[in-house]
Amino acid sequence: MEILVYPDARTASASAAGRMADVVRQKPCAVLGLATGSTPLTLYHHLVAMHRTGGLDFSGVTTFNLDEYVGLAPEHPASYRYFMEENLFSLVNIDRSRTHIPRGDCPGDGVPAACEAYEREIREAGGIDIQLLGIGGDGHIGFNEPSSSLASRTRIKTLTEHTRQANARFFSSMDEVPRHVVTMGIGTILEAREILLLAFGEGKADAVARMVEGPVTANVPASILQMHPVVKVVIDEAAASKLERLAYYKAVHQHKPVWQRWDIPPMGS
Ligand code: F6R
């Protein structure tokens, strides 16, 4: 894992957005795995700004989002389709037919087939080039809650009360927060060629430390990222505050040869 610690969420998000933009520039038909929630918001603002002022072109890009609430129609303001429309899709030149979000609104017995179709669509698109992730305070990635199979595929999951409460801010009452979601599985996420995990604030510090330095366990689903060959963990000082080997991670970054550093634009670009 490459651990990159920035003074604040703003500079961390700018750097992560730069990495995603590089992927799109190098491969105009890139397949991006996207996340929702508070964490990637500033990154999306940067991508939009790069599109508007730097001509970053999304016309050939395909996207797959991690998850969606079961029972919410795409027009529901708390649905993840709505979130993506508001924060990215409507603000760049992406072709909507290439944007994919798990179906949360199909009738109960239609969910497994929709999940299989989602997996198939990812495969048919050639797999995910770069997957953006946030992390839950309990160590979840996507909505793979603690105890999720580390080999899981896209499927329906039940949210923990911890996650329902964390996400209650997007709903008008706790009763409205769905109990079920459709999420890419951990096995699905691990097949992405590169993973960019963002975490900001003290509330994520425990989960980050357990993900990076704890044992690999289904109890902390993000810990499985230790087994992925290309993971960039982009965090602020607060989220890094419980890492035992923080000084080492900083030294690794500081002394990395410039040609290996993706957070510094290459000369002449
Ligand atoms: C969202 C997702 C979740 C969030 C996580 C953190 O698509 O898959 O894993 O990344 O719950 O949420 P925030 O960023 O709101 O703290």
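Here, every reference points to the structure presented above.
Below or above, wherever it landed, is the structure these notes cover. (Residues numbered from 1 in each chain as written. Predicted model: local features only at pLDDT ≥ 70, side-chain atom pairs only at ≥ 80, totals over all residues. Heavy atoms only, no water.)

## Let's talk about helix α3 (residues 80-87)
- Residues Tyr80, Phe83, Met84 and Asn87 constitute the buried set of α3. On an axial view of α3, the arc spanned by its buried residues comes to 95°, and they lie on one face.
- Tucked into the core, α3 has its buried residues touching β2 (31-34), α2 (41-54), β3 (62-65), β4 (67-69) and α5 (161-167). (Buried < 20%, exposed > 50% of the residue type's maximum accessible area, 1.4 Å probe, protein only. Helix = DSSP H or I, 4+ residues; strand = E, 2+ residues; numbered from the N terminus. Arc of directions from axis to C-beta. Contact = heavy atoms within 4.5 Å.)

## Description of empty space enclosed by the protein
- The tally for this structure, following the rule as stated, stands at one cavity of 30 Å³ or more.
- Approximately 40 Å³ is the volume found for the largest cavity.
- Every residue along the wall of the largest cavity is listed here: Pro102, Arg103, Val111, Ala114, Cys115, Tyr118, Thr154 and Val182.
- Residue classes in the lining of the largest cavity are distributed as six nonpolar, one polar and one charged. (1 Å grid on protein atoms, 1.4 Å probe; cavity = no way out; pocket = protein on both sides within 12 Å on 5 of 7 lines; lining within 4 Å. Points joined across faces, edges and corners; volume = space filled by probe spheres on them. Nonpolar A, V, L, I, M, F, W, Y, C, P; charged D, E, K, R; others polar.)

## Thoughts on the site of the ligand
- Close to the ligand lie 13 residues, the nearest being Thr39, Asp67, His140, Gly142 and Lys204.
- A distance of 2.9 Å separates an oxygen atom of the ligand from a polar atom in the backbone of serine 38.
- Separating an oxygen atom of the ligand from a side-chain N or O atom of arginine 169 is a distance of 2.8 Å.
- Summarising the interface, the protein chains cover 92% of the accessible area of the ligand, which totals 410 Å² for the free molecule.
- Of the residues in the shell around the ligand, the class split is three nonpolar, seven polar and three charged. (Near = heavy atom within 4 Å. Polar contact = N/O pair within 3.5 Å; in protein donor to acceptor, adjacent residues only side chain to side chain. Areas by Shrake-Rupley, 256 points an atom, 1.4 Å probe, with all protein chains shown as cover.)

## Here's the deal with the sheet that holds strand β7 (residues 155-158)
- A sheet is described by the order of its strands in space; here three strands give the open sequence β4-β8-β7, paired in antiparallel fashion. Pairing within the sheet leaves two strands with one partner each, and these edge strands are β4 and β7. For this sheet, the mean inter-axis angle between neighbouring strands, taken without regard to orientation, is 30°.
- The pairing of β7 with strand β8 (residues 180-183) spans four bridges and is antiparallel. The residue bridging arginine 155 from the neighbouring strand is threonine 183, located in β8. (Pairing = 2+ DSSP bridges. Axes fitted to C-alpha atoms, helices over the stretch in contact; angles between N-to-C directions.)

## What to know about the pattern of salt bridges
- Taken as a whole and assessed by the stated rule, the structure comprises 16 salt bridges.
- In this structure, the salt-bridge partner of arginine 25 is aspartate 22, at a minimum N-O distance of 3.2 Å. Taken together, the residues arginine 25 and aspartate 22, both in helix α1 (residues 9-26) and three residues apart, mark about one turn of the helix.
- The exposure class of arginine 25 is exposed, given its relative accessible area of 51%.
- One salt bridge connects arginine 98 with aspartate 95, and the closest N-O pair in it is separated by 3.9 Å.
- Among the residues examined, aspartate 95 registers a relative accessible area of 33% and is labelled partly exposed. (Salt bridge = Lys/Arg side-chain N within 4 Å of Asp/Glu carboxyl O.)

## Description of the side chain of threonine 154
- As for its position among the elements, threonine 154 is in the loop between β6 (130-133) and β7.
- A polar contact of 2.8 Å, which involves the side chain of threonine 154, links it to the side chain of glutamate 119.
- Once residues within four sequence positions are removed from consideration, threonine 154 is found in contact with Cys115, Tyr118, Glu119, Val182, Thr183, Met184, Gly185 and Thr188.

## A closer look at helix α7 (residues 205-213)
- Among the residues making up α7, those that are buried are Ala205, Ala207, Val208, Ala209, Met211 and Val212.
- Elements in contact with the buried residues of α7: β1 (2-6), β9 (194-199), β10 (231-236), α8 (237-240) and α9 (246-254).

## Some details on the packing of α2 against α3
- Here α2 crosses α3 at 40°, and the two axes come no closer than 10 Å. Relative to α3, the element α2 lies oblique. Here Leu41, Tyr44, His45 and Val48 of α2 lie close against α3, whose contacting residues are Phe83, Met84 and Asn87.
- Across the contact of α2 with α3, the residue classes tally to five nonpolar, two polar and no charged. (Parallel < 35°, antiparallel > 145°, perpendicular 65-115°, else oblique.)

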